[in-house]
Amino acid sequence: MNSLMRLFSSFYIHDRGLKCEKILNFLVLKRNLVAPCLQVSGDGFSTFADLCGSFEKFRLANGKKRGDIDKKDFSRPESWKKEENATKKIMSILFNRGWKINFSDGIVVELDDLNVSRMLNDLFSESSNAILVFYFFNWSEKSSGSRHGVFSMCTMVRIAVIGNLNHIAMKILHYLVRINSGDSNWHYLIFRTIHQTCEDRQVLEIMYSILVNSCVKENMVDLALKFLNWMKLLKVFPSIVVYKYLLKALLKSNQMELAWDVFEEMHIHKSETTFIIGLFIHEYCVEGNVTCASKLLFEMKKYGCEADIVSYTMLIKALCKKSLLKEATSLFFKIIQLGMHPDLVSITSLVDHLCKLGKLTEAMDILEVSGCHPDNFVYNCFISKLCTDGDMVEATKLLAKMLESGISLDCHNYTTMIGGYCKVSDKGQALKLFGEMLRRGIKPTVVTYSLLIDCYCKGGDFSQAEYILNMVKKENVKPDVIIYNVIIDGYCKKGLLLKAFKWLNQMERGNCNPDITTYNILTHGLLKWGFSKEAWQIMDELVRRDLCPDKFTFTNMIESGSKEGNFGDAYLIWCHMNENGMSPDLVVCSALLNAYRKTQQMEKAEALFHKMLEAGLVPDVILYNILINGFCGEGKIRDAWKLVNMMTEQGLVPNNATYRALLHGFHKTGVENAVGHVATKLQALLAKKGIELNGYMYEDLFDLGE
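Residues numbered from 1 in each chain as written. Predicted model: local features only at pLDDT ≥ 70, side-chain atom pairs only at ≥ 80, totals over all residues. Heavy atoms only, no water.

Draft legend 1. Molecular detail of the packing of helix α27 (residues 481-493) against helix α28 (residues 497-509). Here α27 crosses α28 at 165 degrees, and the two axes come no closer than 7 Å. Here α27 is positioned roughly antiparallel relative to α28, judged by the angle of their axes. Two packed elements cross with a definite hand, and for α27 against α28 that hand is left-handed. Here α27 contributes V481, Y484, N485, I487, I488, Y491 and C492 to the contact with α28, which in turn contributes L497, K499, A500, W503, L504, Q506 and M507. (Axes fitted to C-alpha atoms, helices over the stretch in contact; angles between N-to-C directions. Helix = DSSP H or I, 4+ residues; strand = E, 2+ residues; numbered from the N terminus. Parallel < 35°, antiparallel > 145°, perpendicular 65-115°, else oblique. Left-handed = near helix turned anticlockwise from the far one by under 90°. Contact = heavy atoms within 4.5 Å.)

Rendered as structure tokens:
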């Protein structure tokens, strides 16, 4: 057997053609000679089956479609015909059972679905050789010139299961569930036929388990549930492994209620329950629903199991991501009180988030209580925060302590320190660390290079920035969009727009496509330095490249259009933002409305304001004051008072700017004692709305600075 395996491996490597297949088929035919070497493993697959699986992977890698039930996927009839012993054995068995078939002269009996099924059963009953039966299954299909029917396929599935060839059973059932995926009658026919072809309950459970699992693997979760419901009527249930796959699929597709229904009907061991509940906790954590995850964690006793360290760790990570560090820390200490030892994931998650919030003392307490020995990542959490704060003295001390502990610096540590020195504009120390990094043979990342380039760009030393970028190319590292964006942004901020576009061209020549950030940088630079026409051309380029501008780009264009009186384009952009689900913020809306106010187009401003409200805008006092000021400037006091009413209905208190605008409007309309009139009306309106003014609010509202 070993020599055969070596021979197979040799052909597999050196000749990926017919010889490899001949060896495999020879092993199939001589299976009885090497039976002692083909011990069945605990998972139902033999060494021989594993070999077949390896060969199958080779076939798939060379163009075969996964899931096709094709005779060439498993054996070649031409090769089998040369093996007289195998063919004679099949003919002998079938002849003794009353079937007249000759491989050389053709078929005497009709190979219909029922006959094939009977012959498969006769062959297996006599030989107990599932591989031999499967060969006949493929040969008979070729001879008949058409696909087998459901009955013969299900018969072959049953024989494959009994013969420990579950991979073949799964292939056939995959095919059956896919060919008429939307036909409910077809699915019921498959289910019923499996039941008709199998009397052994244990085998039936395996067949149905493979059927349900096939549906799950094909992302046919609804069909899997349908089969599961039909199985319950027969009091047949799939294996726990299939249940796990089904639950994972349901949770992944966010069908939480259905997943709970499936879980409730499962009959599983206590240890399995812990694992299953863990799946639900994980899904809640992924969704960010820490409330449900926490509730489920503390209710696990209700399901007859105890929460393990894995479940606690998942919840701690989720709480940290939601910045609920108080709750995460409390849960961490609860683990210790329960006598559990927190794992590295929960410790590092908590330490990392505490450091990011500047709570370094609390992070150190976590390390001491857990008895965790800091590694590269943990040290870097502290160093990163110190670098962010610009405290390079303490960061350097901690780095030295890290080296004293015998921990070698990695690329992440160096990059963090380089970023810190760049932040405080200490290019000398940054380059010193960069050189040390290179001498130690540690390869810099794109982030490392980007930090240095950005540092030189901010300092106006573009020649050095370009030198580093050219160094990236010499190191056979392809510059990515991040590096190019850094240098383009540097030039744009300094007003060197021609240089920025030069690097844009180099970027494209280097087969690095600009992203939305690139165009944001360019449009912002063009608008900042007064090239609004060119900025609009960039917008056209975005459309040509099928890139959807983001909120930042839209905001820049609206503000630019408003300032230049180009209201039509600004309004169209605002509409486009809403159509693409990007609601403009208060700053953008205020800029657009203020532009209408300055040009005394208050009717358009009011119409746009109501459209903004329909789009979900929640105005603030500043935005209301823009409109109130505009209406008062045109002497439209009634329209201005409507807006004041809207303000107070939302609980917003008019301020001094509101009072001044109204006063200006009343003066313009010739009202006598405008000061007292406005103050009285405002006080009455606020009292009516239940808004009471304290001394400071009153002073702020009616202080005219006179």
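Draft legend 2. Representation of a positive patch on the surface in the model. Together, K473, K499, K502 and R509 make up a region of like positive charge exposed at the surface. The dominant element in the positive patch, judged by the number of residues it contributes, is α28, at three residues. Relative to the elements of secondary structure, K502 occurs in helix α28. Given a relative accessible area of 32%, K502 falls into the partly exposed group. (Patch = residues over 30% accessible without salt bridge, like charges linked within 9 Å, V, L, I, M, F, W, Y side chains within 5 Å. Areas by Shrake-Rupley, 256 points an atom, 1.4 Å probe, with all protein chains shown as cover. Salt bridge = Lys/Arg side-chain N within 4 Å of Asp/Glu carboxyl O. Lys, Arg positive; Asp, Glu negative; His and termini not counted. Charge placed at Lys NZ, Arg CZ, Asp CG, Glu CD. Buried < 20%, exposed > 50% of the residue type's maximum accessible area, 1.4 Å probe, protein only.)

Draft legend 3. Quick look at the pattern of salt bridges. Taken as a whole and judged by the stated rule, the model has eight salt bridges. For K493, the salt bridge is made with D489, and the minimal N-O distance between the two is 3.1 Å. Of the two residues, K493 and D489 are both situated in helix α27; the distance of four residues between them amounts to about one turn of the helix. By relative accessible area, which is 22% here, D489 ends up partly exposed.

Draft legend 4. Structural view of the nonpolar core. Formed by 171 residues in total, the largest nonpolar core has its most connected members in F280, V351 and I488. With near-sequence residues (within four places) excluded, F280 lies in contact with L247, L251, M256, A259, W260, F263 and L296. Listed in part, the 34 residues of the second largest apolar core include M602, L617, I628 and V644. (Core = buried A, V, L, I, M, F, W, Y, C linked by side-chain atoms within 4.5 Å.)

Draft legend 5. Expanded view of helix α12 (residues 221-233). Its 13 residues place the ends of α12 19 Å apart at the C-alpha level, agreeing with the 18 Å of an ideal helix rising 1.5 Å per residue. Every buried residue of α12 is accounted for by V221, L223, A224, L225, F227, L228, W230 and M231. Packing partners of the buried residues in α12 comprise α9 (166-179), α10 (184-197), α11 (201-217), α13 (240-252) and α14 (256-264). Within two residues after α12, K235 carries a phi angle of roughly 60 degrees, on the positive side. (Expected span 1.5 Å × (residues − 1).)

Draft legend 6. A look at the packing of aromatic side chains. What the rule picks out here adds up to eleven aromatic pairs. Ring plane angle 20 degrees and centroid distance 4.4 Å describe the contact between F191 and Y208, whose orientation is recorded as stacked. Here the residue F191 occupies a position in helix α10, and Y208 occupies one in helix α11, the gap between them amounting to 17 residues. Of the two residues, F191 and Y208, both sit in the buried class. Each ring, one from F434 and one from Y449, has its centre 5.8 Å from the other, and the planes form 70 degrees; the classification is edge-to-face. In this pair, F434 sits in helix α24 (residues 427-439) while Y449 sits in helix α25 (residues 446-458), placing the two residues 15 residues apart along the sequence. (Phe/Tyr/Trp six-rings, centres within 6.5 Å; stacked < 30°, edge-to-face > 60°.)

Remember, this is a structural readout, not a statement about activity or role.
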